[in-house]
Amino acid sequence: LRGFDPGYPFYVEDVDLCWRAARAGAEVHYVADAPAVVHHGGASASIAGGETRLPLLQGILRFQRKRMAPAAYAAFAVAFKTGVVARSLWEIVRTPVAAAARAARGRTERARRTLDVARARAHFLERDLRAFLRA
């Protein structure tokens, strides 16, 4: 196994290690009765200004490339990249209305976070889109 794969830029390396361990015959365990963790999707990335988005997406692509047949991966990569770009564009386009509606309902913090996510997506598309599409 040789431990974590250093080829991962950030994220998904733990999933890869567990997958390889299971394939090598090791038992992989998780704690099913652990305390619940509430994950606010994208919260860390939005706090970091979207700086973690590209490494996360590259990690997902690397993992799928390692585990899928080449033809299946090629189809997956096209669909995944198209979906990421479409979702980013959608979040940017819907933001003015969504943020205004949240602010009107008194949810000013949620409105601010909505604007932050849209800024992070725009930043991702401006700064990282080429690198993401090449991944």
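Just above sits the structure.
Every value quoted in this text rests on a predicted model; they were computed, and no experiment measured them. (Residues numbered from 1 in each chain as written. Predicted model: local features only at pLDDT ≥ 70, side-chain atom pairs only at ≥ 80, totals over all residues. Heavy atoms only, no water.)

Engineer: An account of the overall build of the protein is requested, with residue identities and associated values reported.
Structural biologist: Tallying secondary structure elements over the protein gives six helices and zero strands in all. Each helix (α) and strand (β) of the protein, taken in turn from the N terminus, gives the series α-α-α-α-α-α. Radius of gyration (C-alpha) of the protein: 18 Å, far over the 14 Å computed for a compact globule of 135 residues. Projected onto its principal axes, the C-alpha coordinates of the protein cover approximately 55 × 40 × 20 Å. Looking at the protein as a whole, 28% of its 135 residues are labelled buried. Of the roughly 9000 Å² of accessible surface on the protein, a fraction of 61% belongs to carbon and sulfur atoms. Taking the average location of the 22 positive side-chain charges in the protein and that of its 12 negative ones, the two points are 7 Å from each other. (Helix = DSSP H or I, 4+ residues; strand = E, 2+ residues; numbered from the N terminus. Rg over C-alpha atoms; globule rule 2.2 N^0.38 Å. Buried < 20%, exposed > 50% of the residue type's maximum accessible area, 1.4 Å probe, protein only. Areas by Shrake-Rupley, 256 points an atom, 1.4 Å probe, with all protein chains shown as cover. Lys, Arg positive; Asp, Glu negative; His and termini not counted. Charge placed at Lys NZ, Arg CZ, Asp CG, Glu CD.)

Engineer: Could you give an account of unusual backbone geometry, naming the residues involved and the relevant values?
Structural biologist: Of note in this structure, Val12 is not a glycine but carries a positive phi near 75°. Within the element layout of this structure, Val12 appears in the segment before helix H1 (13-23). Given a relative accessible area of 13%, Val12 falls into the buried group.

Engineer: How would you summarise the packing of H1 against helix H3 (residues 53-67) if you had to cite specific residues and measurements?
Structural biologist: It is at 10 Å that the axes of H1 and H3 come closest, and there the two elements cross at 15°. In terms of orientation, H1 lies roughly parallel with respect to H3. Along this stretch, H1 crosses H3, giving a crossing that reads as right-handed. In this structure, H1 uses Val15, Asp16, Trp19 and Arg20 to contact H3, whose residues at the interface are Phe63, Lys66 and Arg67. Along the lines of polarity and charge, the residues of the contact of H1 with H3 split into three nonpolar, no polar and four charged. (Axes fitted to C-alpha atoms, helices over the stretch in contact; angles between N-to-C directions. Parallel < 35°, antiparallel > 145°, perpendicular 65-115°, else oblique. Left-handed = near helix turned anticlockwise from the far one by under 90°. Contact = heavy atoms within 4.5 Å. Nonpolar A, V, L, I, M, F, W, Y, C, P; charged D, E, K, R; others polar.)

Engineer: Give a description of the nonpolar core that names residues and reports values.
Structural biologist: Counting residues in each nonpolar core, the largest one holds 10 residues, listed as Leu54, Leu57, Leu61, Tyr73, Ala77, Phe80, Val84, Phe124, Leu125 and Phe132. Taken together, the elements giving at least two residues each to this core come down to H3, helix H4 (70-104) and helix H5 (108-127). Sort the elements by how many residues they give to this core and H4 lands first, with four residues. (Core = buried A, V, L, I, M, F, W, Y, C linked by side-chain atoms within 4.5 Å.)

Engineer: Now, about the side chain of Asp16: what can you tell me, with residues and values included?
Structural biologist: Mapped onto the fold, Asp16 is located in helix H1. A polar atom in the side chain of Asp16 sits 2.9 Å from the side chain of Lys66. Ignoring sequence-local partners within four residues, the contact set of Asp16 consists of Asp5, Tyr8, Phe63 and Lys66. (Polar contact = N/O pair within 3.5 Å; in protein donor to acceptor, adjacent residues only side chain to side chain.)

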